[in-house]
Amino acid sequence: MPELPEVETIKNVLLPIVKNRKILGVEILRKSVVYGLKEEFIEFVTGTSILNITRRGKFLIFHLSEQKVIISHLRMEGKYYELAENEALSKYARVVFHLDNQTKLCYDDLRSFGRMAMSDEASYLTSKPLIDLGPEPFDITDVNFLYKQGQKTKRPIKTSLLSQKLFVGLGNIYVDEVLFKSGLHPLTPTKYLSIDDWEMVVAHSKSILKDAIASGGTTVKSYRPGKDISGNFQTQLRIYGRRGQKCVVCHRNLRFIKVGGRGTTFCPQCQLHAHSPLKIAIVGKIAAGKSTVLDIFMQAGYC
DNA sequence: CTTTTATCCTGTGGGC
DNA sequence: TGCCCACAGGATAAAA
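The shown structure was predicted, so the numbers you read here are calculated from the model rather than taken from an experiment. Residues take numbers from 1 onward in each chain, read along the sequence in its written order. Chain letters start at A and ligand numbers start at 1, both assigned in the order the entries are written. Local features in this predicted model are restricted to residues whose pLDDT is 70 or higher, and side-chain atom pairs enter the listing and the counts only when it is 80 or higher, whereas totals over whole chains, interfaces and linings include all residues. With hydrogens and water stripped out, all remaining heavy atoms of the structure feed into the side-chain values.

What follows concerns empty space enclosed by the protein. Any empty space left between the atoms is revealed when a probe the size of a water molecule rolls over them. Buried and open spaces are told apart on a 1 Å grid over the protein atoms alone, a cavity being a set of points where a 1.4 Å probe fits but cannot get out and a pocket being an open set with protein on both sides within 12 Å along at least five of seven lines. Residues with an atom within 4 Å of a point are the lining residues. Grid points are joined across faces, edges and corners, and a volume is the space filled by probe spheres set on the points. In this structure the tally under the stated criterion is one cavity of 30 Å³ or more. The calculated volume of the largest cavity comes to roughly 40 Å³. As for the largest cavity, its lining consists of Ile 23, Ile 50, Phe 62, Leu 64, Ile 70, Phe 97 and Leu 105.

Right, here's the structure in full:
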């Protein structure tokens, strides 16, 4: 669900609400959401205070007293919100933190894909899962490492960008936006990207993510950064969710394919395959298989 | 080592 | 209406 701008927004909305609150108790309503033993987690958190909340990629980091840290990932549907102690929990509440001001911090997760893990200040950045993350997009000043890393794989560029290993923050929505703006076909083998391509990918990632943060994120389906708050970047999406429509730039029919199992919308005119011929002739007699071949090319998004 | 596949869950919407 | 299937913003462990 949430990508970098949504997690950043959630962090900003949540911090003033829970900062310096002491956690009096914890209820775990779905134990699979917490790594390790339920009792261990409750013991770990109870009695600590929430000193700060930060973000690393799409992970939320709760900094507690006693050098304790909770790493929280919302995956598709996770969300945090505060309720008064006497208010009823939602059907999808998975973890509830009881605070010292008659309120409770609720973690809701319809699909229960989200996870929370215990860690500490000394090691959370250098142990899994954060250890494998690439840099924050806003910290990138030199794209050379991306070019070098990219040379090693022929995986589709979209898959590489979603992996969070080159740099963090892009999910299925923003990666389609970035590739569209960069004029790159989502199936382009990563090794074919030039230094200039990487410059463009990084520049557009920064500007799109920055604009999305300024809009409070994108509200698709159920995302809410907080109670009664929703993002509105969805009005600025130029390619994501426009399946079946025409390109906002060239007015050709947009194409929808699967890349690494993820739904992908792109413009066949504005996003050409890098380093592939622009024209191919297919000749043959009737029933020789020309249209079959054409279908395969079209399926792959070459024409 | 890299890359692909299966999996964790629940709900919604389209087609028949 | 009911049923079945495809799809949904993500990451990870296991398998290949």
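So much for the structure itself; the text now carries on.
With that settled, consider the packing of aromatic side chains. For Phe, Tyr and Trp, where Trp contributes only its six-membered ring, two rings pair if their centres lie within 6.5 Å, and the inter-plane angle classes them as stacked under 30 degrees, edge-to-face over 60, or tilted in between. Under the definition given, this model contains two aromatic pairs. Taken together, a centroid distance of 5.0 Å and an interplanar angle of 50° make the contact between Tyr 80 and Tyr 107 tilted. One end of the pair, Tyr 80, is in strand β5 (residues 79–84); the other, Tyr 107, is in strand β7 (residues 103–108), with 27 residues separating them in the sequence. Each of the two residues, Tyr 80 as well as Tyr 107, counts as buried. Taken together, Phe 62, Tyr 80 and Tyr 107 form an aromatic cluster joined through their ring pairs. In this arrangement the basic side chain of Lys 68 is found over the ring face of Phe 44, its NZ or CZ atom lying 4.9 Å from the centre. Secondary structure counts use DSSP, requiring at least four H or I residues in a row for a helix and at least two E residues in a row for a strand, with both numbered from the N terminus. Working definition: with a 1.4 Å probe on protein chains only, accessible area under 20% of the residue-type maximum means buried, over 50% means exposed, and in between means partly exposed. Here, a charge over a ring is recorded when the distance from Lys NZ or Arg CZ to the ring centre is within 6 Å and its angle to the ring normal is within 35 degrees.

With that settled, consider the sheet that holds strand β1 (residues 23–28). Pairing between strands requires that DSSP locate at least two bridges from one strand to the other. Here we have four strands laid out as an open sheet, ordered β1-β6-β7-β5, and antiparallel in their pairing. Here the strands that pair on one side only, and so sit at the sheet edges, are β1 and β5. Strand after strand, the sheet turns through a mean of 20° between neighbouring axes, direction not considered. Relative to β7, strand β6 (residues 93–99) is paired through five bridges, and the arrangement is antiparallel. The residue of β7 that forms the bridge with Ala 93 is Asp 108. Fitted lines through C-alpha atoms serve as axes, helices being fitted only where they are in contact, and the angles separating the N-to-C directions of these axes extend from 0 to 180 degrees.

Turning next to the nonpolar core. Counting residues in each nonpolar core, the largest one holds 27 residues, and the members touching the most others are Phe 41, Phe 62, Ile 70, Tyr 80, Phe 97 and Met 116. Sorting the residues of this core by element identifies α1 (4–18), β1, α2 (38–45), β2 (50–56), β3 (59–64), β6 and β7 as the ones contributing at least two each. Sorting elements by how many residues they give to this core places α1 first, with five residues. Contacts were defined at the residue level, with two residues in contact if any of their heavy atoms lie within 4.5 Å. Not counting chain neighbours up to four residues away, the residues in contact with Phe 62 comprise Leu 14, Ile 50, Asn 52, Ile 53, Lys 68, Val 69, Ile 70, Ser 72, Tyr 80 and Leu 105. Throughout, nonpolar core names a set of buried Ala, Val, Leu, Ile, Met, Phe, Trp, Tyr and Cys residues whose side chains join them through atoms within 4.5 Å. With 25 residues, the next largest nonpolar core counts Ile 157, Phe 167, Val 178 and Val 201 among its residues.

With respect to the secondary-structure elements, Glu 6 resides in helix α1. Despite its burial, Glu 6 pairs with no opposite charge; the closest candidate is Lys 58, at 8.2 Å N-O. Polar contacts involving the side chain of Glu 6 include one to the main-chain amide nitrogen of Glu 3, which spans 2.8 Å. Under the counting rule used here, the positive set is Lys and Arg, the negative set is Asp and Glu, and His together with the chain ends is not counted. A pair is scored as a salt bridge if a Lys or Arg side-chain nitrogen falls within 4 Å of a carboxyl oxygen belonging to Asp or Glu. Whenever a nitrogen or oxygen atom comes within 3.5 Å of another N or O atom, the pair is scored as a polar contact, on the condition that within protein one atom can donate a hydrogen and the other can accept it, and that pairs from neighbouring residues in sequence are kept only if both atoms are in side chains.

Proximity criterion: a residue is near a molecule or strand once any of its heavy atoms comes within 4 Å of it. In the neighbourhood of DNA strand B, the contacting residues comprise Arg 30, Lys 91, Tyr 92, Leu 110, Arg 111, Phe 113, Thr 153 and Arg 155. At 3.1 Å from a phosphate oxygen of DNA strand B is found a side-chain nitrogen or oxygen belonging to Arg 30. At 2.9 Å from a base oxygen of DNA strand B is found a side-chain nitrogen or oxygen belonging to Arg 111. Charged residues are taken to be Asp, Glu, Lys and Arg, nonpolar residues to be Ala, Val, Leu, Ile, Met, Phe, Trp, Tyr, Cys and Pro, and polar residues to be all remaining types, Gly included. By residue class, the composition of the surface near DNA strand B is three nonpolar, one polar and four charged.

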